[in-house]
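An overview of the molecular structure
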Amino acid sequence: MLERVIIVLAGALALVLGGHGLLPDLGGFTPVLESGLPWLGVAVPFLLLGALPARSWKAVAAALVPATVWGVMFGPALLRRPPGGPSDLSVATLNVGVTNDASGRAVQRLAEGRDLVALQELTPGGPAAKALGETFPYHYQVTTVGLWSRFPIVEARKADIGLDWARALRAVVNTPKGRVTVYVMHLASARPGETDLRDKNLSYVRRIVDADDSRRLLLLGDLNTATTDRNRSGLVPPLLDAQQEAGSGLGFTWPASFPVTRPDHILYRGLTATGAAVEEAAGSDHRAAVATLRF
């Protein structure tokens with residue numbers, strides 16, 4: 001009986017890992033499951049431990065199937081090393097936290113050596129905005145999202161992502177190597193059974209990206225969409241993910257105390273990512289996503 005249970009559970013786990021994209025939405029539950037998909041690998045050691053008292057090589061072999069699937073899916077990210085080399089642009093994005101009393105200190109550290117800093121959940125005129133204003137000569141803010149730049153912002157406007165309030169912007173930054181179009185966005189939250197508005201936002205974002213003919217484009221922000229969420233597949237491709245291309249590890253950013261997923265992203269086209277990482281940010285419930293890119 002134990003052997004059969006382990007074989008069935010191992011088969012189900014392997015199918016969920018490898019075929020999660022084929023699962024029905026299940027009232028918004030599946031995208032949430034996908035957000036924590038890498039953590040399903042934690043079940044493999046328990047299956048192997050259960051196979052020992054069963055004294056069954058069949059059970060052991062069955063337990064190794066989901067382990068193999070997990071390794072194929074996430075092993076490359078754990079083994080990847082940043083390509084490095086020269087870079088022309090250093091960027092960061094952070095959901096600073098609207099109730100974060102330490103936001104000024106968080107962004108001061110984040111701004112060190114950076115060319116572009118994108119923030120979400122800003123308090124207009126709050127400590128984060130003031131701190132970055134002392135470091136960067138150029139900025140543009142739309143309600144609770146903002147962009148700070150070392151280089152001139154030559155165009156700027158809010159962007160429509162399908163929300164009743166503005167939580168996205170588009171800016172064109174004139175760098176010494178050429179212009180870059182930068183979007184900063186904060187999409188609607190995604191919870192079990194409550195992903196419809198977030199999904200609507202993602203469809204708006206895809207249309208924005210498709211309609212923008214900028215040679216170089218950056219999309220920074222809290223997209224409330226994990227790297228493994230099926231709904232993000234509409235953005236990657238056509239865009240590339242800095243963490244997946246040049247980061248080491250899975251790059252989880254939320255919650256800050258013990259990150260289990262990655263809703264914060266640096267997506268791009270027309271550039272080459274040379275490095276990507278995650279940094280702590282004082283007081284925020286998110287960690288910052290950072291990257292360096294080359295023209």
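Residues numbered from 1 in each chain as written. Predicted model: local features only at pLDDT ≥ 70, side-chain atom pairs only at ≥ 80, totals over all residues. Heavy atoms only, no water.

**Describing the overall build of the chain**
Just so we agree on the cut-off: Runs of E in the DSSP output that reach at least two residues are strands. Runs of H or I that reach at least four are helices, and both are numbered from the N terminus. Two things to know: the radius of gyration comes from C-alpha atoms, and the globule rule equals 2.2 Å times the number of residues to the power 0.38. Charge assignment: positive for Lys and Arg, negative for Asp and Glu; neither His nor the chain ends contribute. Taken as the charge centre is NZ of Lys, CZ of Arg, CG of Asp or CD of Glu, depending on the residue.
Counting secondary structure elements, the chain contains eight helices and 12 strands. Taking 19 Å as the expected radius of gyration for a compact globule of 295 residues, we find that the chain reaches 21 Å, a close match to that expectation. C-alpha atoms of the chain, sized along the principal axes, occupy 70 × 40 × 40 Å. A gap of 5 Å separates the mean positions of the 29 positive and 26 negative side-chain charges of the chain.

**Re helix 1 (residues 2–19)**
For clarity, the threshold we go by: Multiplying 1.5 Å by the residue count of a helix minus one yields the expected span of that helix. The buried label applies to any residue whose accessible area, calculated with a 1.4 Å probe on protein chains only, is under 20% of its type's maximum; exposed applies above 50%, and partly exposed to all values in between. Only heavy atoms matter for contacts: two residues are in contact if any of them lie within 4.5 Å across the pair.
Look at helix 1: 25 Å from first C-alpha to last across 18 residues, which is about the 26 Å you get at 1.5 Å a residue. Turning to helix 1, its buried residues number three or more, namely I6, A10, L13, A14, L17 and G19. The inward-facing, buried residues of helix 1 abut helix 3 (43–54) and helix 4 (57–79).

**Here's the deal with helix 3**
Condition: When we speak of the arc, we mean the arc of directions from the helix axis to the C-beta atoms.
Relative to the 16 Å expected for 12 residues at 1.5 Å per residue, helix 3 spans 17 Å between its end C-alpha atoms, a close match to the ideal helical length. When we look at burial in helix 3, the residues that qualify are V44, L47, G50 and A51. Within helix 3, the buried residues cover an arc of 120° as seen down the axis, which keeps them to one side. Facing away from the buried surface of helix 3 by more than 90 degrees, the exposed residues are F46, L49, L52 and P53. Downstream of helix 3 by one or two residues, R55 has phi in the positive range, about 50°.

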